[in-house]
Each structure stands twice: as structure tokens, then as C-alpha cells.
Amino acid sequence: VQLVESGGGLVQTGGSLRLSCATSGIIFSLSTMGWYQQAPGQQRELVALISGGGTTNDRDSVKDRFTISRDNGNITVYLQMNSLKPEDTGVYYCTATPLRLGATRPWGQGTRVTVSR
């Protein structure tokens, strides 16, 4: 299993970024995919989820600003981040909910997002 994030960077407050997570080794079309944020000095927290069928669930603080989407043909999940705020700063990780009970949850290496004031 391999998850590879890209698209992070430095952006000013109010700017936008689009994160991508390319996957391999999972049954992507059946997998619930997620993005997590690890802010400096904080634990990793859920940002958004998208099921295999396209149902999404977003953290309250990112509603109306971030959009998670997926492309089953390209086995890639995206996170469109608009109206970025300094509190959005952190490392963003892609993950897949395992289909098999007891299997290890895979994580990507993360992509860093820094929002300046």
C-alpha cells in the first residue's frame, strides 16, 4: 500500500491550495479516504472523509472552505482548500480506512501547509 501526498506549500491568509493523494495497493473504489491535519505541537486530527460512494464528512472548522473529492479512475483523493487561515497550518496526511477488520491503517508521508498572516 502506498499513499503519496502532494500540493502543500506556503500561502497567505485567504489563499488556496489543492492537495492530492495518489494511491496504490488498495481497493480504492471501496475505500473511505480521509485527510488529517497535524498542527505544530498538536495531535493528528480529522479534516474530512469521503466514502467510496462519495458521501463526505467535514470538520466544522473547514465547512464551506475545504472540499474533499475523489477520482476513482485515477485512484486519487483531493482536498481543495480555500480561504485559508493561519490555524490551517500543519502537515496534512492522507489515509484509507482498512476494508479488513484488524488491518493496519495506511498513512502517507504528509505534505506541509503553511498559512502566513
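Located above this text is the structure these notes cover.
Rules and cut-offs
- Residues numbered from 1 in each chain as written.
- Predicted model: local features only at pLDDT ≥ 70, side-chain atom pairs only at ≥ 80, totals over all residues.
- Heavy atoms only, no water.
- Helix = DSSP H or I, 4+ residues; strand = E, 2+ residues; numbered from the N terminus.
- Rg over C-alpha atoms; globule rule 2.2 N^0.38 Å.
- Buried < 20%, exposed > 50% of the residue type's maximum accessible area, 1.4 Å probe, protein only.
- Contact = heavy atoms within 4.5 Å.
- Areas by Shrake-Rupley, 256 points an atom, 1.4 Å probe, with all protein chains shown as cover.
- Lys, Arg positive; Asp, Glu negative; His and termini not counted.
- Charge placed at Lys NZ, Arg CZ, Asp CG, Glu CD.
- Pairing = 2+ DSSP bridges.
- Axes fitted to C-alpha atoms, helices over the stretch in contact; angles between N-to-C directions.
- Salt bridge = Lys/Arg side-chain N within 4 Å of Asp/Glu carboxyl O.
- Polar contact = N/O pair within 3.5 Å; in protein donor to acceptor, adjacent residues only side chain to side chain.

(A) Summary view of the overall build of the protein. Across its full length, the protein holds zero helices and 10 strands. Over its C-alpha trace the protein gives a radius of gyration of 14 Å, about what one expects of a compact globule, namely 13 Å for 117 residues. In terms of overall dimensions, the protein has a C-alpha envelope of 40 × 25 × 25 Å along the principal axes. Burial status across the protein gives 42% buried among its 117 residues. Sequence-distant contacts in the protein: of pairs separated by 6 or more residues, those separated by 24 or more amount to 52%. Taken as a whole, the protein presents about 6,200 Å² of accessible surface, with 47% of it coming from carbon and sulfur. Each charge sign in the protein was given a centre, from 11 positive and 8 negative side chains, and these centres are 5 Å apart.

(B) Region of the structure containing the sheet that holds strand E1 (residues 2-6). Read from one edge to the other, the open sheet built from four strands follows the order E1-E3-E8-E7, with strand pairing classed as antiparallel. Whereas interior strands pair on both sides, the edge strands pair on one side only; in this sheet they are E1 and strand E7 (66-71). The sheet shows a mean angle of 15 degrees between the axes of neighbouring strands, direction not considered. Sheet analysis places E7 next to strand E8 (residues 76-81), joined by six bridges and oriented antiparallel. Bridge pairing in E8 places Phe-66 opposite Met-81.

(C) Focus on the side chain of Glu-5. Looking at the element boundaries, Glu-5 is found in strand E1. Summary of buried charges: Glu-5 has no salt-bridge partner, and the nearest side chain of opposite charge, Arg-44, is 7.3 Å away. A polar contact is formed between the side chain of Glu-5 and the backbone nitrogen of Gln-109, at a distance of 3.0 Å. Side-chain polar atoms of Glu-5 contact the backbone nitrogen of Gly-110, separated by 2.9 Å. With residues up to four places along the chain from it excluded, the contact list for Glu-5 reads Ser-20, Cys-21, Trp-35, Tyr-92, Tyr-93, Cys-94, Gly-108, Gln-109, Gly-110 and Thr-111.

(D) Highlighting the sheet that holds strand E4 (residues 33-38). As summarised here, the arrangement of the six strands in space is E2-E10-E9-E4-E5-E6, forming an open sheet in which the pairing is mixed. Taken across any chain shown, the strands that pair with only one partner, and hence form the sheet edges, are strand E2 (9-12) and strand E6 (56-58). Ignoring which end each strand starts from, the neighbouring axes of this sheet average 25 degrees apart. The sheet contact formed by E4 and strand E9 (residues 90-96) spans six bridges and is antiparallel. When the bridges of E9 are listed, Met-33 appears paired with Ala-96.

Geometric values such as these leave the question of function open.
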